[in-house]
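Summary of the model geometry
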Amino acid sequence: NAGVTQTPKFQVLKTGQSMTLQCAQDMNHNSMYWYRQDPGMGLRLIYYSASEGTTDKGEVPNGYNVSRLNKREFSLRLESAAPSQTSVYFCASSGQFSSNYGYTFGSGTRLTVV
Amino acid sequence: AQSVTQLGSHVSVSEGALVLLRCNYSSSVPPYLFWYVQYPNQGLQLLLKYTSAATLVKGINGFEAEFKKSETSFHLTKPSAHMSDAAEYFCAVYNQGGKLIFGQGTELSVKP
């Protein structure tokens, strides 16, 4: 089925460890996004990529890096994980008319940093 | 800057009762507004959207929302709640930078 695929679904890290969250979409969308979801705070934008080859900071970029590997893939990297980065991470993508159609979301990665 | 505020982090209704989830927006330009639903341990799914074509918008699963410019509101309603409606609901506005800005979310519980 067409959509946004995130891996892994669950991950436990120790403080200071690094990891990369993977995201791929097969809808030929230009734009991709990484959000984090925390209780009572909704979804907050970490980074986004308006098109292949470009990335920009969102609302909460500190402690993260991203790579737009190609049009399909957009990865999020935690270089040195901290307990404050315990969260659910969502990747999303949007096409040319995103103001009319919104975003398509992946199923999320549940990350715990101990 | 565009923003949305959802009133009530938790709403509980009985099965068969009216569902009303509140969302107010702030925008200096005509907004594009969305409601998303998140079932437990799943991603977000688009429920409905307002893009200025009609003020009353119908979505999936019997939900609808009415855009009221005078009240800067976009409340989500469903006449009769079903147990399967239990989920978290997010209101969002599309900002001038081309990003979706989300509200804090409202968790809906449905009692039998």
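What this report covers is the structure whose coordinates are included nearby.

Cut-off values and rules
- Residues numbered from 1 in each chain as written.
- Chains lettered and ligands numbered in written order.
- Predicted model: local features only at pLDDT ≥ 70, side-chain atom pairs only at ≥ 80, totals over all residues.
- Heavy atoms only, no water.
- Contact = heavy atoms within 4.5 Å.
- Buried area = accessible area lost by both parts, 1.4 Å probe.
- Salt bridge = Lys/Arg side-chain N within 4 Å of Asp/Glu carboxyl O.
- Polar contact = N/O pair within 3.5 Å; in protein donor to acceptor, adjacent residues only side chain to side chain.
- Helix = DSSP H or I, 4+ residues; strand = E, 2+ residues; numbered from the N terminus.
- Buried < 20%, exposed > 50% of the residue type's maximum accessible area, 1.4 Å probe, protein only.
- Pairing = 2+ DSSP bridges.
- Axes fitted to C-alpha atoms, helices over the stretch in contact; angles between N-to-C directions.

What follows concerns the interface of chain B and chain A. Between chain B and chain A, the residue contacts involve 20 residues of the former and 20 residues of the latter. When the buried surface of chain B facing chain A is broken down by residue, Leu-44, Lys-99 and Phe-102 of chain B rank first, second and third, together holding 30% of it. On the surface where chain B and chain A come into contact, there are zero salt bridges. Inspection of the region where chain B meets chain A yields five residue pairs in polar contact (both at pLDDT 80 or more). Those elements giving two or more residues to the side of chain B that touches chain A turn out to be β4 (32-38), β5 (44-50), β9 (87-94) and β10 (100-102) of chain B. When residues of the side of chain B that touches chain A are assigned to their parent elements, the largest contribution, four residues, is made by β4 of chain B.

The next point concerns the pairing of strand β1 (residues 4-7) of chain A. Residue and element names in this part refer to chain A. The alternating pattern of β1 places Val-4 and Gln-6 on a buried face, while none of Thr-5 and Thr-7, on the opposite face, is buried. Pairing of β1 with strand β3 (residues 19-25) involves four bridges; the strand directions are antiparallel. Within β3, the position partnered with Gln-6 by the bridge is Cys-23.

Okay, the sheet that holds β3 of chain A next. Strands belonging to one sheet form pairs held by backbone hydrogen bonds; the direction of such a pair is parallel or antiparallel. Residue and element names in this part refer to chain A. Taken together, the four strands give an open sheet; going across it, the order is β1-β3-β8-β7, and neighbouring strands pair in antiparallel fashion. Strands at the two margins of the open sheet, each flanked by one partner only, are β1 and β7 (64-68). Within the sheet, the average angular offset between the axes of one strand and its neighbour, ignoring direction, is 15°. Both β7 and strand β8 (residues 74-78) contribute to a ladder of five bridges, which runs antiparallel. Counted as the bridge partner of Val-66 is Leu-76 from β8.

Enumeration over the complete set of coordinates arrives at five salt bridges over all chains. One salt bridge in this structure joins Arg-77 of chain A and Glu-79 of chain A, with 3.1 Å as the shortest N-O distance. We classify Arg-77 of chain A as partly exposed; its relative accessible area is 30%. Glu-79 of chain A sits in the partly exposed class, given a relative accessible area of 43%. Its salt-bridge partner being Lys-58 of chain B, residue Glu-64 of chain B comes within 2.8 Å of it at the nearest N-O pair. Overall, Glu-64 of chain B belongs to the partly exposed group, its relative accessible area being 22%. Look at Lys-58 of chain B and you get exposed, because its relative accessible area is 63%. Because the salt bridges share partners, they merge into one network encompassing Arg-36, Asp-38 and Arg-44 of chain A.

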